[in-house]
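Each chain, letter by letter, is given below.
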Amino acid sequence: MYGRKACQLVKELENSESGQLTGFNTDLFAQVIEQCDGHVNNLQALLRKMQEVGSENQTAKNADHFGALMHHLSLVRNKRCLMAYVYNRAEIVQTLGWTVDCVLPEEIEEKLSSSEREYFKNHSATLKSYMSDLDIDLALDMVPPKDPYIKVRVLEEIGTVVLSDQLANLARHAILFLRRTDAEQYIAQGKMEELTG
Amino acid sequence: MANYYDIDDILADEELVPAVFLEAVNGVGLFESNEANRIEPRSKVELPFWLAQELHLRQAVSVNIPPCFNKKTREEIGADGAHVDLRSRCSYFYELGCKIVQLIGDKTIGSLLLVAFQTRYKEVLIKAHTAASALTPKFLSLLTKEETKLYDAAKSSTAAFKTWRMGGPRFQKAAVLGRKRKPIGE
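Residues numbered from 1 in each chain as written. Chains lettered and ligands numbered in written order. Predicted model: local features only at pLDDT ≥ 70, side-chain atom pairs only at ≥ 80, totals over all residues. Heavy atoms only, no water.

> I keep staring at the domain arrangement of chain B and nothing clicks. Help me out?
One frequent convention defines the size of an interface as the accessible area lost when the parts assemble. All names here are of chain B. Along its sequence, chain B is organised into domain 1 (1-64) and domain 2 (67-160). Taking only C-alpha atoms into account, the centre of domain 1 sits 26 Å from that of domain 2. Contacts between the two partners involve 14 residues from domain 1, matched on the other side by 12 residues from domain 2. A buried area of about 1100 Å², summed over both sides, lies between domain 1 and domain 2, and 67% of it is on carbon and sulfur atoms. On the domain 1 side of the interface with domain 2, the three residues burying the most area are D8, E15 and F49, jointly 44% of the side's total. Linking domain 1 to domain 2 there are 3 salt bridges. Notably, a salt bridge pairs D8 with K149, separated by 2.1 Å at the nearest N-O pair. Inspection of the region where domain 1 meets domain 2 yields 4 residue pairs in polar contact (both at pLDDT 80 or more). Sorting the residues of the side of domain 1 that touches domain 2 by element identifies α1 (7-13), β1 (16-21) and α2 (49-57) as the ones contributing at least two each. Sorting elements by how many residues they give to the side of domain 1 that touches domain 2 places α1 first, with 5 residues. Residue classes in the side of domain 1 that touches domain 2 are distributed as 7 nonpolar, 3 polar and 4 charged. (Domains from an automatic or database assignment. Contact = heavy atoms within 4.5 Å. Buried area = accessible area lost by both parts, 1.4 Å probe. Salt bridge = Lys/Arg side-chain N within 4 Å of Asp/Glu carboxyl O. Polar contact = N/O pair within 3.5 Å; in protein donor to acceptor, adjacent residues only side chain to side chain. Helix = DSSP H or I, 4+ residues; strand = E, 2+ residues; numbered from the N terminus. Nonpolar A, V, L, I, M, F, W, Y, C, P; charged D, E, K, R; others polar.)

Shown next as structure tokens:
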């Protein structure tokens, strides 16, 4: 059935957890494009045939006309599926730029296609330059803090880092009081967790 | 028309509807068995909605009511709407209903959708706010796509209410990174 493969591609998006990326399905993507080529060939053949027959044989012309129409509709449909696949993934890639700063974890990077990687790089660079122009970190939490410091536990070895107010040794399992603004990016990257109570 | 990039709208368009061809069509290999690449008038087929709709508007095919809106389903919904397995019949029950009604003008579909949604909505919210998670998988498998979304929304709002009342951590790991990954060594 026409458009089945393209639909599978969109289903893949739907089945992945919302906001999560799955590997770019290059194989299926190429197959859909190949199908589109087939539709174009069929469409052109039918159009040529219609021109040759001319207006004499009305019933045969109608049948060709509807054949061409079906190929045209399938093309439009395939296009919509492909566009939706790329577009919805690009939206996720954009949110990556806001949440994980410009270091992309390996397990996500390998799921992106090369143009998506490029997109991420340029998008986060644009964000960065905009924020430095404004001199405000727009990715920070919007709710004003009750206390500028929070208690965190380090989940991954980070090493000694210069923070805005101190030189801290962020060893694994260490529990520290940090400024919220310093801790935020590490928590977003999953390297720390906030402790409460 | 809904958003061009909307995944749910695209998938709802893929649902099959029964249709009858009114015109002959050349050069189309719709079915593998058909070697002549030609569809004769009066052949009965199941077409995805996106194709059936356009062909119906050009009077090449005539679309019939899909089986998920048949008499049996209507009776079941009338009897106990909340426990009808709509997912296996059509996981885009409401969306397809809204779309198909514009084509065939069956006035009863609208009220059927309304009754089904009203009875099921109540049940979905009650389950989402109260039921223990062990109980739900069986119930969840009855829901259409839209109802599942409602269920998740209700569930997450309950969870958000709880964290607000108890005061949980404000910061969380970015959702894009996935939740399953555990720190190494545990």
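> What is the right way to read the domain arrangement of chain A from this model?
When the domains of chain A are assigned, the result is domain 1 (4-134) and domain 2 (149-194). Its C-alpha centre places domain 1 of chain A at a distance of 41 Å from the equivalent point of domain 2 of chain A.

> For this particular structure, what's the right way to read the packing of aromatic side chains?
For any pair of aromatic rings, the description rests on two quantities: the centre-to-centre distance and the angle between the ring planes. Residues and elements named next belong to chain B. Tallied over the entire structure, the rule returns 10 aromatic pairs over all chains. Aromatic side chains Y4 and Y5 sit 5.2 Å apart centroid to centroid with 85° between the ring planes, which places their arrangement in the edge-to-face category. Among the residues examined, Y4 registers a relative accessible area of 28% and is labelled partly exposed. An aromatic cluster is defined as three or more aromatic residues linked by ring pairs; in this entry it consists of F69, F93, Y94, F117 and Y121. (Phe/Tyr/Trp six-rings, centres within 6.5 Å; stacked < 30°, edge-to-face > 60°. Buried < 20%, exposed > 50% of the residue type's maximum accessible area, 1.4 Å probe, protein only.)

> Hey, could you run me through the nonpolar core in this one?
Generally speaking, a soluble globular protein has its nonpolar side chains buried in company with each other. Among the nonpolar cores identified, the biggest contains 54 residues, and F21, L47, L55, F69 and F93 of chain B are the most heavily contacted of them. Not counting residues within four places of it along the chain, the set of residues in contact with F93 of chain B comprises C68, F69, I77, L86, L112, L113, A116 and T144 of chain B. Core analysis: the second largest hydrophobic core is formed by 14 residues, V154, V161, L163 and A168 of chain A among them. (Core = buried A, V, L, I, M, F, W, Y, C linked by side-chain atoms within 4.5 Å.)

> Just checking my understanding: could you explain helix α1 (residues 4-15) of chain A for this structure?
Compared with the 16 Å implied by 1.5 Å per residue over 12 residues, the 16 Å span of α1 of chain A between its first and last C-alpha is a close match. Here α1 of chain A has its buried residues at A6, C7, L9, V10 and L13 of chain A. The arc that holds every buried residue of α1 of chain A, seen down its axis, measures 150°, which confines them to one face. If you follow the buried residues of α1 of chain A, they end up packed against α2 (26-53) and α3 (58-99) of chain A together with α1 of chain B. (Expected span 1.5 Å × (residues − 1). Arc of directions from axis to C-beta.)

> I would appreciate a short explanation of a nonpolar patch on the surface in the present structure.
All names here are of chain A. Taken together, the side chains of W98, Y130, L134, I136 and L138 present a nonpolar region at the surface, about 470 Å² in accessible area. Tracing the backbone through its elements, the reader meets I136 in the loop between α5 (114-134) and β1 (149-154). Classification of I136 as partly exposed rests on a relative accessible area of 49%. (Patch = residues over 30% accessible without salt bridge, like charges linked within 9 Å, V, L, I, M, F, W, Y side chains within 5 Å. Areas by Shrake-Rupley, 256 points an atom, 1.4 Å probe, with all protein chains shown as cover.)

> Sorry, what's going on with the interface of chain A and chain B here?
Contacts between the two partners involve 55 residues from chain A and, on the opposite side, 50 residues from chain B. Interface area, chain A with chain B, both sides summed: about 4500 Å², of which 63% is carbon and sulfur. Linking chain A with chain B are 5 salt bridges. Two residues, K145 of chain B and E14 of chain A, come together in a salt bridge whose shortest N-O distance is 2.9 Å. In this structure, the connection of chain A to chain B is made through 11 residue pairs in polar contact (both at pLDDT 80 or more).

> What should I look at first to understand the sheet that holds strand β4 (residues 175-179) of chain A in this one?
Backbone-to-backbone hydrogen bonds pair the strands of a sheet. The strands run either parallel or antiparallel. Residue and element names in this part refer to chain A. The 3 strands lie next to each other as β4-β1-β5, forming an open sheet whose pairing is antiparallel. Edge positions in the sheet fall to β4 and β5 (192-195), since each of these pairs with one other strand and no more. For this sheet the average axis-to-axis angle between neighbouring strands, irrespective of direction, equals 45°. In this sheet, β4 lies alongside β1 in antiparallel orientation, the contact comprising 5 bridges. Bridging from a neighbouring strand, K151 pairs with F177 of β4. (Pairing = 2+ DSSP bridges. Axes fitted to C-alpha atoms, helices over the stretch in contact; angles between N-to-C directions.)

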